[in-house]
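# Tertiary structure, described
Chain by chain, the residues run as shown.
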Amino acid sequence: MRGVRRWSVVLALACFGNALPLQANQLKVGISGSAPFVIKNGDQLSGISLNIWRRVAEDNNLSYELLEQPSPKAGIEAVDDGEIDVLVGPISITSRRLAMPGIDFTQPYYLGKSGVLLPMRPPSILSRVQVFFGWAVISSVLVLISVLLVVGSLIWLAERNRNSEQFPRDWLPGISSGMWFALVTLTTVGYGDKAPITRTGRGITGAWMVISLIAVSSLTASLASAFTLFLSGATESGISAPAQLNGRRVAVVEGTSGMELAQRGDMRIVSATNLRSAVQLLVNQKADALIFDRPAIRYHLKNNPDLALRLAPFSLSEETYGFVIKPGSPLRTPMDVSILKLQRQGKVAAIANRLLD
């Protein structure tokens, strides 16, 4: 029994010793990344990643000091060298980083996407006029002509025998008169130069009057959109799919996963030190596109609405963000548990929505 008690005391002391660093030692926590994940306002630091880390640290009674890192790559190297204990920020969990023997990742705390930022073409007379030849306008006009042809033909067939003065018996002038009548009825001008006199013709006309309300609404929406683009002169970049980025000049931030995506896609890399300088490369036409975290791009556009830039409707990949730690770190399990609790309680989504929406 004494032997059993002795080993129980030894095990208890061992467990206490392993848990002690989480409570007593002050952790060195590196931070790196762009807004909205890491936001610096004077001496105040906030953002999605930092707010989540603070919840995790509070949940585990962790004492820490924040140490800014020049880039995610430099922060990962600092964890690898033992200079910091944890790296906090939008650090993508990639296969290349997972293969590094000196670092490990926690449970992913955020699922994001890599976005593409594109420039808007400067307005020109040609670009302004081209909006009227877009498929939305052309399809609306074609549908309208087809409907007028059908209605005009039906009116002509109903009226040609008893009302040949207004709707001639010959098919070409007769259908032309029918289409003219249908167009006048559609626009509610009502010249009165032509009118059906048969019951069938009046029945067709009544149905057409009701249907024309829907037709006018559809056509008006297409033309209004075209006129808006014509007056603003705003047109999107010619890049509409990921494959069109191949061989293009693409701005990326050094040390981010965007560099890996650009390399895999055979793009001509134009590197920058941070998101703001990468955006400037795009504005100065030194790059054709920019690859970066989609939430960060959204946040930047939200705070800089005057930029002639637009987020592409497609993304290049889905990315999971995690905190970087050393392999075998005693922080791993308690941090994973806290992250999962925050996600299931909806607190991670609430933190992100407050900054992105």
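Fair warning: this is a prediction, and the values are worked out from it, not measured in the lab.

## Quick look at unusual backbone geometry
The omega angle of the peptide bond from A35 to P36 is 10°, so this bond is cis rather than trans. When you line up the elements, P36 lands in the loop between strand 1 (26-31) and strand 2 (39-41). Of note, the phi angle at Q285 is positive, near 60°, even though the residue is not glycine. Mapped onto the secondary structure, Q285 falls in the loop between helix 10 (275-283) and strand 10 (289-293). A residue is classified by how much of its surface remains accessible, and Q285, at 60% relative accessible area, is exposed.

## Details of helix 10
Those residues of helix 10 that sit buried are L275, A278, V279, L281 and L282. Buried positions in helix 10, seen along its axis, are confined to an arc of 150° and lie on one side of it. Among the structural elements, strand 7 (110-119), strand 8 (249-253), strand 9 (268-272), strand 10, helix 11 (294-303) and strand 11 (309-321) are those in contact with the buried residues of helix 10. By the N-cap criterion, in which a side-chain oxygen at the helix start approaches the backbone nitrogen of a residue two or three places on, helix 10 is capped by N274, the distance to R276 being 3.3 Å.

## A few points about the side chain of K194
Inspection of the secondary structure puts K194 in the loop between helix 7 (171-186) and helix 8 (199-232). At a separation of 3.0 Å, a polar atom in the side chain of K194 contacts the main-chain carbonyl oxygen of Q166. Not counting chain neighbours up to four residues away, the residues in contact with K194 comprise Q166, F167, S177, W180 and F181.

## Here we look at the packing of aromatic side chains
The tally for this structure, following the rule as stated, stands at seven aromatic pairs. Ring plane angle 85° and centroid distance 6.1 Å describe the contact between F167 and F181, whose orientation is recorded as edge-to-face. Placement of the pair is F167 in the loop between helix 6 (135-159) and helix 7 and F181 in helix 7, with a sequence separation of 14 residues. A single burial state applies to F167 and to F181, both of which are buried.

Criteria and thresholds
Residues numbered from 1 in each chain as written. Predicted model: local features only at pLDDT ≥ 70, side-chain atom pairs only at ≥ 80, totals over all residues. Heavy atoms only, no water. Helix = DSSP H or I, 4+ residues; strand = E, 2+ residues; numbered from the N terminus. Buried < 20%, exposed > 50% of the residue type's maximum accessible area, 1.4 Å probe, protein only. Arc of directions from axis to C-beta. Contact = heavy atoms within 4.5 Å. Polar contact = N/O pair within 3.5 Å; in protein donor to acceptor, adjacent residues only side chain to side chain. Phe/Tyr/Trp six-rings, centres within 6.5 Å; stacked < 30°, edge-to-face > 60°.

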